[in-house]
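The residues making up each chain are set out below.
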Amino acid sequence: YYSGALMIISCVFVVVLSLMTDKPTDEKVKGLTYGSLTVEDKKAIRESWNCWDVIATVVVLGLVLAMYLYFSFWLG
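Just so you know, these numbers come straight off a predicted model, no measurement behind them.

Basis of the calculations
Residues numbered from 1 in each chain as written. Predicted model: local features only at pLDDT ≥ 70, side-chain atom pairs only at ≥ 80, totals over all residues. Heavy atoms only, no water. Helix = DSSP H or I, 4+ residues; strand = E, 2+ residues; numbered from the N terminus. Rg over C-alpha atoms; globule rule 2.2 N^0.38 Å. Buried < 20%, exposed > 50% of the residue type's maximum accessible area, 1.4 Å probe, protein only. pLDDT = per-residue confidence, 0-100. Phe/Tyr/Trp six-rings, centres within 6.5 Å; stacked < 30°, edge-to-face > 60°. Expected span 1.5 Å × (residues − 1). Patch = residues over 30% accessible without salt bridge, like charges linked within 9 Å, V, L, I, M, F, W, Y side chains within 5 Å. Areas by Shrake-Rupley, 256 points an atom, 1.4 Å probe, with all protein chains shown as cover. Salt bridge = Lys/Arg side-chain N within 4 Å of Asp/Glu carboxyl O.

Draft legend 1. Representation of the overall build of the chain in the model. In terms of helices and strands, the chain carries 4 helices and 0 strands. For the chain, whose C-alpha radius of gyration is 20 Å, the value lies well above the compact-globule estimate of 11 Å for 76 residues. A principal-axis box enclosing the C-alpha atoms of the chain has dimensions of 50 × 45 × 10 Å. Split into buried and exposed, the 76 residues of the chain put 1% on the buried side.

Written out as structure tokens, the structure is:
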């Protein structure tokens, strides 16, 4: 019960502080979020991937899926 209350308090705190501060400039948040990346930035990120990055991603997703399937059938 306390985690739900803590989450609500945290959300209210973040929203209130966000409304109380000035909006950051575009230069300050450039590249910070996916939406603020330029086409060149996105292309550079994509080109920096190699086969090991893809393999590691597939392994991690496979492990998450395996844990989900394992625990979903044992807790029923």
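Draft legend 2. Highlighting the confidence of the model for the chain. Per-residue pLDDT for the chain averages 89, and the proportion of residues at 70 or more is 96%. Across the chain, helix H1 (residues 2-20) holds the top mean pLDDT of 95, while helix H2 (residues 26-29) sits lowest at 83.

Draft legend 3. Broad picture of the packing of aromatic side chains. Scanning the model with the defined rule gives 1 aromatic pair in all. Their ring planes at 80° and their centres at 5.0 Å tell us that Tyr70 and Phe71 sit as a pair that is edge-to-face.

Draft legend 4. Quick look at H1. With 19 residues, H1 extends 27 Å between its outermost C-alpha atoms, agreeing within 8% with the 27 Å of an ideal straight helix rising 1.5 Å per residue. A small share of H1 lies buried, amounting to 0 of its 19 residues.

Draft legend 5. Region of interest: a nonpolar patch on the surface. Side chains of Met7, Ile8, Val12, Phe13, Val14, Val16, Leu17 and Met20 sit close together on the surface and give an oily, nonpolar patch of about 810 Å² of accessible area. On the secondary structure map, Val12 appears in helix H1. Classification of Val12 as partly exposed rests on a relative accessible area of 49%.

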